[in-house]
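# Reading the structure
Given next are the chains, with one letter for each unit.
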Amino acid sequence: MNTQTTNTKKQTLTSQELFLRRHRIRHRSITACRFLILFVFLFIWELSAQMKWIDSFFFSSPSLVLKCFLDMLYDLSFFTHTGVTLLETLISFVILFFICMAVATLLWVSPLLSEIMEPYLVILNSLPKSALAPLFIVWLGTGLKTIVVAGISVALFGSIISLYTGFMQVDAEKLKLIRTLGGNKKDAFIKVVLPASIPVILSNMKVNIGLALVGVIIGEFLAARRGLGYLIIYGSQVFQLNMVITSIIILCFIAVGLYQIIQFLEHMYKKSRGGRHF
């Protein structure tokens, strides 16, 4: 009997090791394919520019982008403009997070208020946010305030709707249990709704960090003298398209980096949960 149990454990262990090995191979293969696609794209882009299939003045090339990036590092403009955009994005994101959490919580606490506000949230969410940027300039002037407000406005109403929907989807039986034990709405929110909605909140944050960056760039297009959005507009006006493309690539790396930070927090949360349930 012991021998049979030992053999079963060995077979289980072998199956687990085989699964993990296949998972690692699959993960490495996907990563390799991603880098291969990027390398092929850059190679074709550079080859097209060198062979004059495309005009490098308008389409640039990887070598020209790299040269522009090194020039920006040398004159420190990279740190100035990237730092400004990153700071504005983080400020917008943090303010956006607290506003959305507060409003979504208020809507959950008051069903009457949520019914009254629902059509307004839907309408405001459907508005093209870039159309509001000129108004922000008139109301707030040019500068940090306008850019931060533009960053907040892009994701604000959609995020409120998403969070409120997540709060409303919490298991009703758990809420009933809290009420049965004598708890009030505050207890229900803190002990049931909020913990159960953390995956929704983290997912919402992953979307919002990108939208905040988009809003900041829209604001910098119209109301900035520093930042990557300003460089894109300035470069297009003076036909320095290497600067424009370099700035866009830097924005891509910023977006990926910010997304990965939120994804890391989500991973740490899932790891800390360890499969436990309420």
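Residues numbered from 1 in each chain as written. Predicted model: local features only at pLDDT ≥ 70, side-chain atom pairs only at ≥ 80, totals over all residues. Heavy atoms only, no water.

### Section: the side chain of T82
Structurally, the position occupied by T82 is in helix α4 (residues 77-109). We classify T82 as buried; its relative accessible area is 10%. In this structure T82 touches S77, L228, I250 and I254, once residues within four positions along its chain are discounted. (Helix = DSSP H or I, 4+ residues; strand = E, 2+ residues; numbered from the N terminus. Buried < 20%, exposed > 50% of the residue type's maximum accessible area, 1.4 Å probe, protein only. Contact = heavy atoms within 4.5 Å.)

### Quick look at the packing of α4 against helix α10 (residues 198-223)
Packing of α4 against α10 leaves a shortest axis separation of 8 Å and a crossing angle of 130°. When the interaxial angle is binned, α4 and α10 end up oblique. The way α4 lies across α10 gives a crossing that is right-handed. On the side of α4, the interface is formed by V84, T85, E88, T89, S92, F93, L96, F97 and M101, while α10 contributes I201, M205, N208, I209, A212, L213, V216, I217 and E220. Class assignment of the residues belonging to the contact of α4 with α10 gives a composition of 12 nonpolar, 4 polar and 2 charged. (Axes fitted to C-alpha atoms, helices over the stretch in contact; angles between N-to-C directions. Parallel < 35°, antiparallel > 145°, perpendicular 65-115°, else oblique. Left-handed = near helix turned anticlockwise from the far one by under 90°. Nonpolar A, V, L, I, M, F, W, Y, C, P; charged D, E, K, R; others polar.)

### A short note on a nonpolar patch on the surface
A cluster of nonpolar side chains, L36, F39, V40, F43, I44, L47, M51 and W53, forms an exposed patch at the surface whose accessible area comes to about 830 Å². You can see F39 is positioned in helix α1 (residues 2-50). On the accessibility criterion, F39 (55% relative accessible area) is exposed. (Patch = residues over 30% accessible without salt bridge, like charges linked within 9 Å, V, L, I, M, F, W, Y side chains within 5 Å. Areas by Shrake-Rupley, 256 points an atom, 1.4 Å probe, with all protein chains shown as cover. Salt bridge = Lys/Arg side-chain N within 4 Å of Asp/Glu carboxyl O.)

### Quick word on unusual backbone geometry
Its identity as a non-glycine residue notwithstanding, K52 has a phi of 65°, on the positive side. As for its position among the elements, K52 is in the loop between α1 and α2 (56-59). Residue K52 is classed as exposed on the basis of its relative accessible area of 67%. Its identity as a non-glycine residue notwithstanding, L76 has a phi of 70°, on the positive side. With respect to the helices, strands and loops of the structure, L76 is situated in the loop between α3 (62-74) and α4.

### Remarks on the packing of α4 against helix α7 (residues 144-168)
Between two packed helices, what matters for the description is the angle formed by their axes and the separation of those axes. Following both chains from N to C, one finds α4 and α7 inclined at 35°, their axes separated by 7 Å at the closest point. Crossing of α4 against α7: the hand is right-handed.

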